[in-house]
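# Descriptive analysis of the structure
What follows is each chain in one-letter form.
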Amino acid sequence: MNRPLAVGAAASVVAAVVLALLPFTLSGYNQVLASKVALYFIAILGLNIVTGYAGQISIGHGAFMAIGGYTTAIMSHDHGTNQIATLPLAFLVAFGFGIALGLPASRLSGVYLALATLAFAVSIPQLILKFSHFTGARNGISISESVGYLWLYGVSWACAAIAFVLAWLLLRGRIGRAFRAVRDSEVAAASSGVSLVFYKTFAFGVSAGFAGVAGSLFVLATNGFAQPDEFSVLLSLYILIGAAVAGLGSLWGIAAGAAFVALLPSISQDAPVVGDLLHEHNDVAFGVVVIAVMLLLPTGFAGLLHRGALTLASRRRRSTGGISAAEPR
Amino acid sequence: VLVLLLAAAVFLLIGSLTSDLFAQLTVKGVAQGSVYGSLALALVLIYRATGVINFAQGEMAMATTYVAYQLMLWGLSYWPAFFVTLAIAFFFGGATQQLLIRPVQHRSVVAVVIVTIGLFSLIDGIVIWIWNADPKFMPAPFSGAVYDVGGVTVSLTDLGTIAVALGSVLVLWLFFRFTKLGLAMRAAALRPGAARLVGVRVNWMLALGWGFATVLGAVAGLLTEATVFTLSPTMMQPVLIYAFAAAVLGGLESPVGAVVAGIALGIFLNLLGQYGGYLSDSALSLPIAFFVLLVVLLIRPSGLFGRAAVRKV
């Protein structure tokens, strides 16, 4: 076991212990908030796979969340399926949609891809309104029985942990290497026998599946209600912002990105002195922070962690008399 | 593509001659489409200058329209306020590029896109802060006159919209084509390195590009207000999305394409709303517009007028 891996494993264990103990110190409201962090964690993780690793930008992940969320709501409402059983189902349905969108999208790149996925994000809520027979149109659709706060917290973070491990396993091996090859140079990847269409589409599907699970949890966290307005374009933009704050192409900053997106609206509300002002002008606070983060933290939170780790490492090496090589990032 | 366009024009002409309603809808579509087209052109200008899509374009247009509203509250009449607003928009756009975009420009596309999304949220918030979210009403730029052209009723608002939108596009084209500054700006956008070598101040040219784009956006914003008669913080969001579609349809590289595609989209949506049958539901117009967009992109990945990027393998 090499050292970064050991550090990562240790950090994960610490995080798991803290997360397991945390709910007992939180009020019900804060438990829901913490669950939202978990679901954004999953969504951002998903986006990071396709954008950060495979290099395919997507502004449509809110739509995949909508698909997952409505899967849960409809299965639970119309067929009385157990909520936990709907989560893998949401993954599969969203995965299917992801493949269906990813296949044509693999022809596009850059800005064209961004706009095509944006189109998807804009269209899905409209389609939900249109097929009101299944979706309850603007009134939404509610799950058969609502869930407890603690239950929600446990399930959300358990899903987040599973998703993280799955993503890590996926990205460290052959497939992850293929993703990065596609991202860094399509020409080089293609000439080494990596199928561009297959890997781009596959990345889209997996990523959409993660977003679908996040969407199911999202519905469970909003009192078990699925409404088209909740899944507007803004949701897609939030996920993208979260991914940028976390740092694309790395798994370690995602928690920070998720916390940023999930908590900023409510933190700015409770902030001393400026709290009331910020509460009324949430958009302003959000915009300012997003721009500031992009200007000041070019590689996101993961980059910050990485740099911090490098500084620590070089300092230790210097003190033990080793050579402090400036590691190229 | 030209053949297709010609066929579409002939189809529209025949339709207009046989049905008054059809002609009326076509004119309305051209008016709406020219607004989409001018915002799409603003997007194209920025794309050519900076290589990114400005998600805040619509909100910047909305904010400048609020500036015009404020100027009119202070007693300016419509057209002076219109031109003062355009001047303000120019500085607003240039300053945005210098302060917010330039620092992240050399980084990834994603970084710039996210900054513009942040800007989107910021402008929205500031506008609501200053003017609150209630819809506002501005004096109309054109009288409510309606003309009868051979049985087809055409409103002055539609004609004025077409004239102002296409007029500003034309002025911009003349500027880029025939002035030295325009040439310098094109050079800065196409070959920044070479332009710098021959003495073009590339950064200022890019700021100018953002300035002009914001001016076009302001025109689109003011014209949108003139057609929907109310001013609200969300008014530009649907327009922006159609402008995206138009810009992509036209090929992001092509100014002509953006305008033509904008007008085509306007006509298409208007006719669809009347003759589309099951598809004429207004809730479906966005998905349909995007389905068309997706199909076009799949057939021609760089838009109708764009040049395909050549890749060496």
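From a predicted model like this one, the values you see are computed outputs, not experimental measurements.

### Some remarks on the overall build of chain A
- Check the secondary structure of chain A and you find 15 helices and 2 strands.
- Each of the 329 residues in chain A was classed as buried or not, and the buried ones make up 50%.
- Summarising the internal contacts of chain A: among those between residues at least 6 apart in sequence, 78% fall at separations of at least 24.
- Accessible surface computed for chain A: about 14500 Å², of which carbon and sulfur atoms make up 66%.

### Focus on the overall build of chain B
- On a plain count of helices and strands, chain B comes out with 12 helices and 2 strands.
- When the helices and strands of chain B are read in sequence order from the N terminus, they spell out α-α-α-α-α-β-β-α-α-α-α-α-α-α.
- The buried share of chain B, reckoned over its 313 residues, is 55%.
- Of all intrachain contacts in chain B linking residues separated by at least 6 positions in sequence, the fraction that spans at least 24 positions is 73%.
- With an accessible surface of roughly 13900 Å², chain B has 72% of that area assigned to carbon and sulfur atoms.

### Comments concerning the nonpolar core
- Tyr-40, Ile-42, Leu-45, Met-65, Phe-179 and Leu-217 of chain A are the most contacted members of the largest nonpolar core, which totals 208 residues.
- Counting residues per element, this core draws most heavily on helix 2 (residues 20-50) of chain B, which supplies 16 residues.
- Among residues more than four places away in sequence, those in contact with Met-65 of chain A are Leu-39, Ala-43, Ala-211, Ala-214, Gly-215, Phe-218, Phe-231, Leu-235 and Ile-239 of chain A.

### What to know about the confidence of the model for chain B
Residue and element names in this part refer to chain B.
- The pLDDT averaged across chain B works out to 78; a share of 87% of its residues lies at or above 70.
- Per-element confidence in chain B is highest for helix 3 (residues 57-73), whose mean pLDDT is 86, and lowest for strand 1 (residues 146-149), whose mean pLDDT is 69.
- Across the assembled chains, the prediction reports ipTM 0.72 with pTM 0.78.

### Side note on the interface of chain A and chain B
- The partner chain B presents 45 residues to the 35 residues of chain A that form the contact.
- Together, Tyr-112, Leu-115 and Lys-130 of chain A form the three largest contributors to the area buried by chain A at its contact with chain B, with a combined 18%.
- Applying the counting rule to chain A against chain B returns 0 salt bridges.
- By residue number, the principal contributor to the side of chain A that touches chain B is helix 5 (residues 110-130) of chain A, which donates 11 residues.
- Of the residues in the side of chain A that touches chain B, the class split is 27 nonpolar, 4 polar and 4 charged.

### Observations regarding the packing of aromatic side chains
Residues and elements named next belong to chain A.
- Evaluated as defined, the whole model comprises 19 aromatic pairs over all chains.
- Pairing Phe-64 with Phe-204 gives two aromatic rings, centres 6.5 Å apart and planes at 70°, and the pair type is edge-to-face. Linking Phe-64 in helix 3 (residues 61-79) with Phe-204 in helix 10 (residues 196-221), this pair joins segments that are 140 residues apart in sequence. When sorted by exposure, Phe-64 lands in the same class as Phe-204, which is buried.

### Here's the deal with empty space enclosed by the protein
- For the structure on display, the rule yields 1 cavity of 30 Å³ or more.
- Estimated volume of the largest cavity: approximately 40 Å³.
- What lines the largest cavity is simply Leu-101, Pro-104, Ala-105, Leu-108, Ala-116 and Thr-117 of chain A together with Leu-294 and Leu-298 of chain B.
- Grouping the amino acids of the lining of the largest cavity by side-chain chemistry returns 7 nonpolar, 1 polar and no charged.

### Describing a nonpolar patch on the surface
- A contiguous nonpolar surface patch, about 350 Å² in accessible area, is contributed by Trp-252, Phe-301, Leu-304 and Leu-305 of chain A.
- Mapped onto the secondary structure, Trp-252 of chain A falls in the loop between helix 11 (233-246) and helix 12 (254-270).

### Details of the side chain of Gln-97 of chain B
- By the secondary structure assignment, Gln-97 of chain B is in helix 4 (residues 78-105).
- With near-sequence residues (within four places) excluded, Gln-97 of chain B lies in contact with Arg-102, Gln-105, Asn-203, Leu-206, Ala-207 and Trp-210 of chain B.

### Examining the packing of helix 3 of chain B against helix 5 (residues 109-131) of chain B
All names here are of chain B.
- Closest axis-to-axis distance for the helix 3/helix 5 pair is 9 Å, and the angle between their directions is 20°. Viewed along their axes, helix 3 and helix 5 adopt a mutual orientation that is roughly parallel. Of the two possible hands of crossing, helix 3 and helix 5 adopt the one that is left-handed. Between helix 3 and helix 5, the residues in contact are Glu-59, Met-60, Met-62, Ala-63, Tyr-66, Val-67, Tyr-69 and Gln-70 and Leu-119, Phe-120, Ile-123, Asp-124, Val-127 and Trp-131, respectively.
- Each residue belonging to the contact of helix 3 with helix 5 can be placed in one class, and the counts come to 11 nonpolar, 1 polar and 2 charged.

### With respect to helix 9 (residues 202-228) of chain B
All names here are of chain B.
- Between its first and last C-alpha atoms helix 9 spans 39 Å; for 27 residues at 1.5 Å apiece the expected length is 39 Å, and the two agree.
- Judged by how many residues are buried, helix 9 sits mostly within the fold: 23 of 27 residues are covered.
- Of the residues one or two after helix 9, Phe-229 is the one with positive phi, at around 70°.

### A word on the environment of Leu-222 of chain B
All names here are of chain B.
- On the secondary structure map, Leu-222 appears in helix 9.
- Owing to a relative accessible area of 1%, Leu-222 belongs among the buried residues under this scheme.
- For the pair formed by Leu-222 and Met-138, sequence separation is 84 residues and the distance between their alpha carbons is 9.8 Å.
- Once residues lying within four places of it in the same chain are set aside, the contact partners of Leu-222 are Thr-65, Ala-68, Tyr-78, Phe-82 and Met-138.

### Describing the packing of helix 6 (residues 156-178) of chain B against helix 7 (residues 180-190) of chain B
Residues and elements named next belong to chain B.
- Remark: helix 6 packs on helix 7, axes separated minimally by 5 Å, with the N-to-C direction vectors making an angle of 85°. Judged by the inter-axis angle, helix 6 sits roughly perpendicular to helix 7. Seen from helix 6, the contacting residues are Phe-175, Phe-176, Arg-177 and Phe-178; seen from helix 7, they are Lys-180, Leu-181, Gly-182, Leu-183, Met-185 and Arg-186.
- Looking at the contact of helix 6 with helix 7 residue by residue, the classes come out as 6 nonpolar, 1 polar and 3 charged.

### Description of the environment of Ile-59 of chain A
- Relative to the assigned elements, Ile-59 of chain A resides in the loop between helix 2 (28-53) and helix 3.
- Through-space distance from the C-alpha of Ile-59 of chain A to that of Leu-115 of chain A is 7.5 Å; in sequence the pair is 56 residues apart.
- Each residue touching Ile-59 of chain A, except ones within four places of it in the same chain, is listed here: Ala-114, Thr-117, Leu-118, Ala-121, Ser-236, Leu-237 and Leu-240 of chain A together with Phe-55 of chain B.

Criteria and cut-off values
- Residues numbered from 1 in each chain as written.
- Chains lettered and ligands numbered in written order.
- Predicted model: local features only at pLDDT ≥ 70, side-chain atom pairs only at ≥ 80, totals over all residues.
- Heavy atoms only, no water.
- Helix = DSSP H or I, 4+ residues; strand = E, 2+ residues; numbered from the N terminus.
- Buried < 20%, exposed > 50% of the residue type's maximum accessible area, 1.4 Å probe, protein only.
- Contact = heavy atoms within 4.5 Å.
- Areas by Shrake-Rupley, 256 points an atom, 1.4 Å probe, with all protein chains shown as cover.
- Core = buried A, V, L, I, M, F, W, Y, C linked by side-chain atoms within 4.5 Å.
- pLDDT = per-residue confidence, 0-100.
- Buried area = accessible area lost by both parts, 1.4 Å probe.
- Salt bridge = Lys/Arg side-chain N within 4 Å of Asp/Glu carboxyl O.
- Nonpolar A, V, L, I, M, F, W, Y, C, P; charged D, E, K, R; others polar.
- Phe/Tyr/Trp six-rings, centres within 6.5 Å; stacked < 30°, edge-to-face > 60°.
- 1 Å grid on protein atoms, 1.4 Å probe; cavity = no way out; pocket = protein on both sides within 12 Å on 5 of 7 lines; lining within 4 Å.
- Points joined across faces, edges and corners; volume = space filled by probe spheres on them.
- Patch = residues over 30% accessible without salt bridge, like charges linked within 9 Å, V, L, I, M, F, W, Y side chains within 5 Å.
- Axes fitted to C-alpha atoms, helices over the stretch in contact; angles between N-to-C directions.
- Parallel < 35°, antiparallel > 145°, perpendicular 65-115°, else oblique.
- Left-handed = near helix turned anticlockwise from the far one by under 90°.
- Expected span 1.5 Å × (residues − 1).

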